[in-house]
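Structure at a glance
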Amino acid sequence: MIDKTARIFVSGHRGMVGSALVRRLHAGGYANLLTRTHAELDLTDQRAVHACLDQEKPDYLFIAAAKVGGIQANNQYRAEFLYQNLMIEANLIHRAHLAGVQRLMFLASSCIYPRDAAQPITEDSLLTGPLEPTNEPYAIAKIAGIKLAESYNRQYGRQYVSVMPTNLYGPNDNYDLASSHVLPALMRKAHEAKQRGDAEMVVWGSGTPRREFLYVDDLADACVHLMQQGYDGPLVNIGCGQDVTIRELAEMVMDVVGCNAKIAFDASQPDGTPRKLLDVSRLAKLGWRASTPLREGIARAYAAAPFHS
Ligand code: GFB
């Protein structure tokens, strides 16, 4: 169990994942949360991160801060995705160790697994094959973070845990069409197509890739569950165990939004990984299952979306 007065640092607390962690921790009665805005602390700045962790000496550290984005942003800003994520995780994990932080949770991503991994993807498929090219830099950075945390555990007896969330969505998501993930993009496109009365709504790629989606408050609940349990084992996948095609997802979003446009697939945009469904049996054995059905989660996220009045 985590002591309710423990000093818990949530890095990236203004992002979708970090803000969900803060909501969940507050709801659980944890009052001693430490946060820093980007303006207060640039996590790629080694000196600043070191000074902050030396001063705060948290009991727990969640690494939810990351440079993230959808398929197009990952593919286009390859250098920034690799560099910024390496810096953030190296600064935080290394200095957490030197500052005596015993427990840390590093949030990675399901894209760390090989592109053609057997489905559903088990944790032991890490580093067994080539990665998906559109997000290889991001995946390499996250794999480095996992290995860094694992190395402090093996060499110094730390209890640094890495979790692999599947594709996430929910409040505080990014709705910018050029850099967002598919679900927020489809919500916005459907909303705007409905408002304009468009006959067509453009969906990237072929519509055939399969993706698994987890509501971000479910993810936060899983992370806090693992921390509360004192879990300090190998990587854990966090997903809901079910996937849909992008076409099915677009149809569901349009139904929730009430958009009657026809779907037009844009084949000039990449499909990315053909399928990315996580095996969640390790998490189930640890006593956690997702609770938000996809359609209900989409309705909740849509109601909270900034463009939706
Ligand atoms: O969510 P998404 O951008 O990323 O795209 P990935 C998922 C699928 O949805 C792809 C299609 O096949 C896209 O072509 N898609 C259809 C769209 N319409 C749209 C649209 O309007 N916008 C977007 N963004 N996609 C990311 C990785 O991969 O997943 C990251 O690049 C990270 O590294 C993240 O791991 C979770 O699921 O393909």
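**Quick word on the nonpolar core**
Counting residues in each nonpolar core, the largest one holds 39 residues, and the members touching the most others are Leu 61, Leu 92, Ile 93, Leu 104, Tyr 113 and Tyr 160. Elements supplying a minimum of two residues to this core: α2 (46-56), β3 (60-63), α4 (78-98), β4 (103-107), α5 (136-156) and β5 (159-165). In this structure Tyr 160 touches Ile 93, Ala 96, His 97, Val 101, Gln 102, Arg 103, Leu 104, Ala 149, Tyr 152 and Asn 153, once residues within four positions along its chain are discounted. Counting residues in hydrophobic clusters, the runner-up holds 35 residues, among them Leu 25, Tyr 30, Tyr 60 and Val 236.

**Regarding the side chain of Gln 228**
Of note, Gln 228 is situated in helix α7 (residues 216-229). In contact with Gln 228, other than residues within four places in its own chain, are Met 1, Ile 2, Arg 24 and Tyr 30.

**Notes on the packing of α4 against α5**
A pair of packed helices is characterised by two quantities: the angle between their axes and the separation of those axes. Here α4 crosses α5 at 15°, and the two axes come no closer than 8 Å. Taken together, the axes of α4 and α5 are roughly parallel relative to one another. In this structure, α4 meets α5 at a crossing whose hand is right-handed. Residues Arg 78, Phe 81, Leu 82, Asn 85, Leu 86, Glu 89, Ala 90, Ile 93, His 94 and His 97 of α4 touch α5, and the partners they reach there are Glu 136, Pro 137, Tyr 138, Ile 140, Ala 141, Lys 142, Ala 144, Gly 145, Leu 148, Ala 149, Tyr 152 and Tyr 156. Classifying every residue of the contact of α4 with α5 gives 14 nonpolar, 4 polar and 4 charged.

**A short note on the sheet that holds β3**
On the basis of which strands lie adjacent, the open sheet formed by 6 strands has the order β2-β1-β3-β4-β5-β10 and parallel pairing. Here the strands that pair on one side only, and so sit at the sheet edges, are β2 (33-34) and β10 (236-238). Alignment of β4 against β5, held across 5 bridges, turns out to be parallel. Bridge pairing links Leu 104 to Tyr 160 in β5. Contacting β3, β4, β5 and β10, α7 crosses the sheet at an angle of about 150° to β4.

**Thoughts on the pairing of β4**
Two faces, one strand: in a regular strand the side chains alternate between the faces of the sheet. With 5 of 5 residues buried, β4 lies mostly within the body of the structure. Across the two faces of β4 the burial is the same, with Arg 103, Met 105 and Leu 107 and Leu 104 and Phe 106 all buried. Relative to β4, β3 runs parallel, the two being bridged by 4 bridges. Opposite Tyr 60, over in β4, you have Arg 103 as the bridge partner. After leaving β4, the chain enters α5 and then returns to the sheet as β5, a path that is right-handed.

**A closer look at the site of the ligand**
Around the ligand sit 22 residues, and of these Ile 71, Lys 189, Arg 211, Pro 270 and Asp 271 come closest. Contact distances for the ligand include 3.0 Å between an oxygen atom and a side-chain N or O atom of Ser 109. A distance of 2.9 Å separates a nitrogen atom of the ligand from a polar backbone atom of Ser 180. Relative to its free-state accessible area of 700 Å², the ligand is covered by the protein chains to the extent of 97%. When residues in the shell around the ligand are grouped by element, the largest group, 3 residues, is from helix α6 (residues 182-196).

**Quick notes on the packing of aromatic side chains**
Applying the stated criterion across every chain, the model contains 5 aromatic pairs. Seen in terms of ring centroids, Phe 81 and Tyr 138 are 6.0 Å apart; in terms of plane orientation they differ by 75°. Their pairing is edge-to-face. A residue pair is termed long-range when its members are at least 10 positions apart, and Phe 81 in helix α4 and Tyr 138 in helix α5 qualify at 57 residues. In this structure, Phe 81 and Tyr 138 share a single accessibility class: buried. Sitting over the face of the ring of Tyr 30, Lys 4 holds its NZ or CZ atom 4.4 Å from the ring centroid.

**Looking at the sheet that holds strand β13 (residues 275-276)**
Where strands meet in a sheet, backbone hydrogen bonds hold them as pairs that are either parallel or antiparallel. Read across the open sheet, the 3 strands follow the order β11-β8-β13; overall the sheet is mixed. Whereas interior strands pair on both sides, the edge strands pair on one side only; in this sheet they are β11 (244-245) and β13. Of the strand pairs in this sheet, strand β8 (residues 210-211) and β11 are connected by 2 bridges, and their pairing is antiparallel. Directly across from Arg 210, in β11, lies its bridge partner Thr 245.

**Some thoughts on the packing of α6 against helix α8 (residues 246-257)**
The N-to-C vectors of α6 and α8 enclose an angle of 45°; their axes lie 9 Å apart at closest approach. Classified by the angle their axes make, α6 and α8 are oblique. Note on packing geometry: the crossing formed by α6 with α8 is right-handed. In contact with Val 182, Leu 183, Leu 186, Met 187, Ala 190, His 191 and Lys 194 of α6, α8 contributes Ile 246, Leu 249, Ala 250, Val 253, Met 254 and Val 257. Split into classes, the residues belonging to the contact of α6 with α8 amount to 11 nonpolar, 1 polar and 1 charged.

Cut-offs used in this document
Residues numbered from 1 in each chain as written. Predicted model: local features only at pLDDT ≥ 70, side-chain atom pairs only at ≥ 80, totals over all residues. Heavy atoms only, no water. Core = buried A, V, L, I, M, F, W, Y, C linked by side-chain atoms within 4.5 Å. Buried < 20%, exposed > 50% of the residue type's maximum accessible area, 1.4 Å probe, protein only. Helix = DSSP H or I, 4+ residues; strand = E, 2+ residues; numbered from the N terminus. Contact = heavy atoms within 4.5 Å. Axes fitted to C-alpha atoms, helices over the stretch in contact; angles between N-to-C directions. Parallel < 35°, antiparallel > 145°, perpendicular 65-115°, else oblique. Left-handed = near helix turned anticlockwise from the far one by under 90°. Nonpolar A, V, L, I, M, F, W, Y, C, P; charged D, E, K, R; others polar. Pairing = 2+ DSSP bridges. Right-handed = clockwise from strand over helix to strand, strands pointing away. Near = heavy atom within 4 Å. Polar contact = N/O pair within 3.5 Å; in protein donor to acceptor, adjacent residues only side chain to side chain. Areas by Shrake-Rupley, 256 points an atom, 1.4 Å probe, with all protein chains shown as cover. Phe/Tyr/Trp six-rings, centres within 6.5 Å; stacked < 30°, edge-to-face > 60°. Lys NZ or Arg CZ within 6 Å of the ring centre and 35° of its normal.

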